[in-house]
Amino acid sequence: MKPKLQVALDNISLSGALKSIRDIGNHIDVIEVGTILHVAEGLEPVRCLRALYPDKIILADIKGADAGSLLAKQCYEAGATWMTVICCAEIPTMAGMLKVAKEFGKGRDVQIELYGDWTWQQAQSWKEIGLTQVVYHRSRDAQAAGKSWGSEDLGKIGKLCDMGFDVTVTGGLTIDDIKLFKDYPIYCFIAGRSIRDAKNPRDAAIAFKEEINKYWG
Ligand code: 5RP
Ligand code: MG
């Protein structure tokens, strides 16, 4: 399957996010309310984006760590399709979110955000409770400190794919990075700054799509 394209709205205001999405919403597959935007505006951006894009996948990137079912209920009631949980959260937290996702139905799901240290034993436990999506993430701070994509990342991505996870990749992605992942069945690429901050965000979104089509056509 061809990887989806997700745009991360890590704006610091709702008005800024709506301005960012205006010209690109119809060219991408998934709209993300970024963690930064959630901190600034709560779940209101999810409500507004759901009103504007009734049929799109909307991700609430809250990176939840505890109180899984309570957080999930709020995200899904606001209109999110997917939500995120941080990889260090405990299994009952993740299971609580997933249970609520299944109760809401209609494609609701939970993505595990992989940051820092996590183990293959944890990955096995995520599988065992029925989680299917992981986000392989190079953090903004690691990127700012000079970390680039390397063979260690690709090895882990390949192993997660082999385990049967739907693997999303993100973290300061540029169009030139896409080809690095061409040998893997990537589920979704998330780009934030490379699209939002482009001179012409619509052209940037289209260029990302074209680049994806080149390798997964
Ligand atoms: C950071 C995030 C971002 O949403 C994600 O990294 C995509 O944004 P960018 O392409 O600007 O890095 O979750 O924690
Ligand atoms: Mg994000």
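Shown above is the structure to which this text applies.
Below: a short report on this structure. Everything numeric here is computed off the predicted structure, so don't read it as measured data.

Some points on the coordination of the magnesium ion (ligand 2)
Distances from the magnesium ion (ligand 2) to its protein donors, Glu 32 (OE) and Asp 61 (OD), fall within 2.0 to 2.1 Å. Taken together, the residues span a long stretch of sequence, with Glu 32 in strand β2 (residues 30–33) and Asp 61 in strand β3 (residues 57–64) at a distance of 29 residues. Per residue, the accessibility class of Glu 32 equals that of Asp 61, and both read buried.

Comments concerning helix α4 (residues 68–78)
Regarding α4, the residues found buried are Gly 68, Ala 72, Cys 75, Tyr 76 and Ala 78. Taken around the axis of α4, the buried residues stretch over an arc of 160°, which confines them to a single face. Counted as exposed and oriented over 90 degrees from the buried face of α4: Leu 70 and Glu 77. Packing partners of the buried residues in α4 comprise α3 (44–52), β3, β4 (82–86), α5 (91–104) and β5 (109–114). Immediately beyond the C-terminal end of α4, within one or two residues, lies Gly 79, with a positive phi of roughly 120°.

So, the pattern of salt bridges
One pass over the full model with this rule turns up 10 salt bridges. A salt bridge links Asp 29 to Lys 209, with the shortest nitrogen-to-oxygen separation between them at 2.6 Å. Of this pair, Asp 29 sits in the loop between α1 (14–22) and β2 while Lys 209 sits in helix α10 (residues 201–216), and the two are 180 residues apart along the sequence. When its relative accessible area of 23% is taken as the criterion, Lys 209 is described as partly exposed. Where Lys 182 meets Asp 183, a salt bridge forms, and the shortest distance between an N and an O atom there is 3.7 Å. Judged by its relative accessible area of 42%, Lys 182 is partly exposed.

Quick look at the site of ligand 1
Within the structure, ligand 1 sits among 13 residues, and Asp 10, Tyr 115, Gly 172, Gly 192 and Arg 193 are positioned closest to it. Between an oxygen atom of ligand 1 and a side-chain N or O atom of Asp 10, the distance comes to 2.6 Å. Here an oxygen atom of ligand 1 sits 2.6 Å away from a polar atom, N or O, in the side chain of Arg 193. Isolated, ligand 1 exposes 360 Å² of accessible area, and the fraction of that covered by the protein chains is 94%.

A closer look at the state of the cysteines
Simply put, disulfide is the name for a covalent bond between the sulfur atoms of two cysteines. Per the stated rule, a full pass over the model turns up 0 disulfides. Between Cys 48, a cysteine without a disulfide, and Cys 75, which holds the nearest cysteine sulfur, the sulfur-to-sulfur distance is 15 Å. No disulfide involves Cys 87; its nearest neighbouring cysteine sulfur is the one of Cys 88, lying 5.6 Å away.

Some remarks on the packing of aromatic side chains
The full count for this structure, using the stated rule, is 9 aromatic pairs. Centroid distance Trp 149 to Phe 181: 5.3 Å. Interplanar angle 85°. Geometry classified as edge-to-face. Of this pair, Trp 149 sits in the loop between α7 (140–144) and α8 (151–162) while Phe 181 sits in the loop between β7 (166–170) and β8 (188–191); the two residues are 32 residues apart in sequence, bridging distant segments of the chain. By relative accessible area, Trp 149 is classed as buried at 13%. Ring centres 6.4 Å apart and planes at 80° place the aromatic pair Tyr 215 and Trp 216 in the edge-to-face group. A residue is classified by how much of its surface remains accessible, and Tyr 215, at 29% relative accessible area, is partly exposed. Three or more aromatic residues joined by ring pairs form one cluster here, namely Tyr 136, Trp 149, Phe 181, Phe 189, Tyr 215 and Trp 216. Lys 127 extends its terminal NZ or CZ atom over the ring of Phe 165, reaching a point 5.8 Å from the ring centre. The side chain of Lys 159 reaches across the aromatic face of Trp 120, ending 4.3 Å from its centre.

A few points about the sheet that holds strand β6 (residues 133–137)
Within the closed barrel, the 8 strands sit side by side as β1-β2-β3-β4-β5-β6-β7-β8. Their pairing is parallel. Neighbour to neighbour, the strand axes of the sheet diverge by 25° on average, direction disregarded. Across 4 bridges, β2 lies against β3 in parallel orientation. Looking across to β3, one finds that Val 30 is bridged to Ile 57.

Analysis parameters
Residues numbered from 1 in each chain as written. Chains lettered and ligands numbered in written order. Predicted model: local features only at pLDDT ≥ 70, side-chain atom pairs only at ≥ 80, totals over all residues. Heavy atoms only, no water. Donors = N, O, S within 2.8 Å, 3.2 Å for Na, K, Ca; no water. Helix = DSSP H or I, 4+ residues; strand = E, 2+ residues; numbered from the N terminus. Buried < 20%, exposed > 50% of the residue type's maximum accessible area, 1.4 Å probe, protein only. Arc of directions from axis to C-beta. Contact = heavy atoms within 4.5 Å. Salt bridge = Lys/Arg side-chain N within 4 Å of Asp/Glu carboxyl O. Near = heavy atom within 4 Å. Polar contact = N/O pair within 3.5 Å; in protein donor to acceptor, adjacent residues only side chain to side chain. Areas by Shrake-Rupley, 256 points an atom, 1.4 Å probe, with all protein chains shown as cover. Disulfide = S-S within 2.5 Å. Phe/Tyr/Trp six-rings, centres within 6.5 Å; stacked < 30°, edge-to-face > 60°. Lys NZ or Arg CZ within 6 Å of the ring centre and 35° of its normal. Pairing = 2+ DSSP bridges. Axes fitted to C-alpha atoms, helices over the stretch in contact; angles between N-to-C directions.

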